[in-house]
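Below are the chains, spelled out letter by letter.
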Amino acid sequence: MADIQTIMQQMKIDLDGSGVHYFIVGQYMLDNGDEIFSSIHFHKDSAFNLVFENNRLSADVMLNKQRPDDLFRIELHYSNIWTVAKGDSTFFTGKNNIYTNPDVLKSNLNQV
């Protein structure tokens, strides 16, 4: 499996016009300061204004496709990513996983 920096660099390239889909599970910070452990779908039609930095990703994302104008600004530190899946559709299985960090899941389970 590739390291998270390499995956994020490829994601930046892929989301710049291709049909590739990413599904990322991790600890997200919303623009209101709330933190959520969630999964978010990233695609050229559902994630906008992406900013890839050395240690984090920021983006405006559509969380409800029935309300496409209702965008949420999120921030995701790479160290808070549990799983990244990559595919050519919105349907993902375990075989699509290209990155997993089990320590992030353990940390979030311990906070519950």
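1. Section: the overall build of the protein
Then, in step 1: Regarding its fold elements, the protein presents two helices and seven strands.
Then, in step 2: Helices and strands in the protein line up, N terminus first, as α-β-β-β-β-β-β-β-α.
Then, in step 3: Relative to the globule expectation of 13 Å for 112 residues, the C-alpha radius of gyration of the protein, 13 Å, shows essentially globular dimensions.
Then, in step 4: Projected onto its principal axes, the C-alpha positions of the protein cover 35 × 35 × 25 Å.
Then, in step 5: Nonlocal contacts in the protein, meaning residues at least 24 apart in sequence, comprise 44% of its contacts between residues at least 6 apart.
Then, in step 6: About 6,700 Å² of surface is accessible on the protein, with carbon and sulfur atoms providing 49% of the total.
Then, in step 7: Positive and negative side-chain charges in the protein, numbering 9 and 14 respectively, have mean positions lying 5 Å apart.

2. Structural notes on the pairing of strand S2 (residues 35–42)
The side chains of a regular strand alternate, residue by residue, between the two faces of the sheet.
Then, in step 1: Bridging between strand S1 (residues 21–30) and S2 involves eight bridges; their strand directions are antiparallel. Counterpart to glycine 26 in the pairing with S2 is serine 38.
Then, in step 2: The hairpin turn running from S1 into S2, its antiparallel successor, is four residues long, and glycine 33 in that turn takes a positive phi close to 95°.

3. Digging into the nonpolar core
Then, in step 1: Met8, Met11, Ile24, Phe42, Ile74, Ile81 and Val84 are the most contacted members of the largest nonpolar core, which totals 23 residues.
Then, in step 2: Elements represented by at least two residues in this core include exactly helix H1 (4–14), S1, S2, strand S3 (47–52), strand S4 (56–62), strand S5 (71–77) and strand S6 (81–87).
Then, in step 3: When near neighbours in sequence (up to four residues on either side) are disregarded, methionine 11 contacts Tyr22, Ile24, Phe42, Phe52 and Leu57.

4. Points about the environment of isoleucine 81
Then, in step 1: As for its position among the elements, isoleucine 81 is in strand S6.
Then, in step 2: A sequence separation of 68 residues divides isoleucine 81 from isoleucine 13, and the C-alpha atoms of the two residues are 19 Å apart.
Then, in step 3: Leaving out residues up to four positions away in the same chain, isoleucine 81 has contacts with Ile4, Met8, Ile24, Val25, Gly26, Leu76, Tyr99, Asn101 and Val104.

5. Overview of the packing of aromatic side chains
Then, in step 1: By the definition in use, this model includes two aromatic pairs.
Then, in step 2: Between phenylalanine 23 and phenylalanine 92, the ring centres sit 5.4 Å apart and the planes meet at 25°, which makes this aromatic pair stacked. Of the two residues, phenylalanine 23 sits in strand S1 while phenylalanine 92 sits in the loop between S6 and strand S7 (97–100), which places them 69 residues apart along the sequence.
Then, in step 3: You can call phenylalanine 92 buried: its relative accessible area is 17%.
Then, in step 4: The interplanar angle of 35° and the centroid separation of 6.4 Å between the aromatic rings of phenylalanine 37 and tryptophan 82 together place this pair among those described as tilted. Of this pair, phenylalanine 37 sits in strand S2 while tryptophan 82 sits in strand S6, and the two are 45 residues apart along the sequence.
Then, in step 5: On the basis of relative accessibility, which here comes to 25%, the residue tryptophan 82 falls in the partly exposed class.

6. Side note on the pattern of salt bridges
Then, in step 1: Throughout the structure, instances matching the rule amount to five salt bridges.
Then, in step 2: Across the pair glutamate 53 and arginine 56 runs a salt bridge whose closest N-O atoms are separated by 3.3 Å.

How each quantity is defined
- Residues numbered from 1 in each chain as written.
- Predicted model: local features only at pLDDT ≥ 70, side-chain atom pairs only at ≥ 80, totals over all residues.
- Heavy atoms only, no water.
- Helix = DSSP H or I, 4+ residues; strand = E, 2+ residues; numbered from the N terminus.
- Rg over C-alpha atoms; globule rule 2.2 N^0.38 Å.
- Contact = heavy atoms within 4.5 Å.
- Areas by Shrake-Rupley, 256 points an atom, 1.4 Å probe, with all protein chains shown as cover.
- Lys, Arg positive; Asp, Glu negative; His and termini not counted.
- Charge placed at Lys NZ, Arg CZ, Asp CG, Glu CD.
- Pairing = 2+ DSSP bridges.
- Core = buried A, V, L, I, M, F, W, Y, C linked by side-chain atoms within 4.5 Å.
- Buried < 20%, exposed > 50% of the residue type's maximum accessible area, 1.4 Å probe, protein only.
- Phe/Tyr/Trp six-rings, centres within 6.5 Å; stacked < 30°, edge-to-face > 60°.
- Salt bridge = Lys/Arg side-chain N within 4 Å of Asp/Glu carboxyl O.

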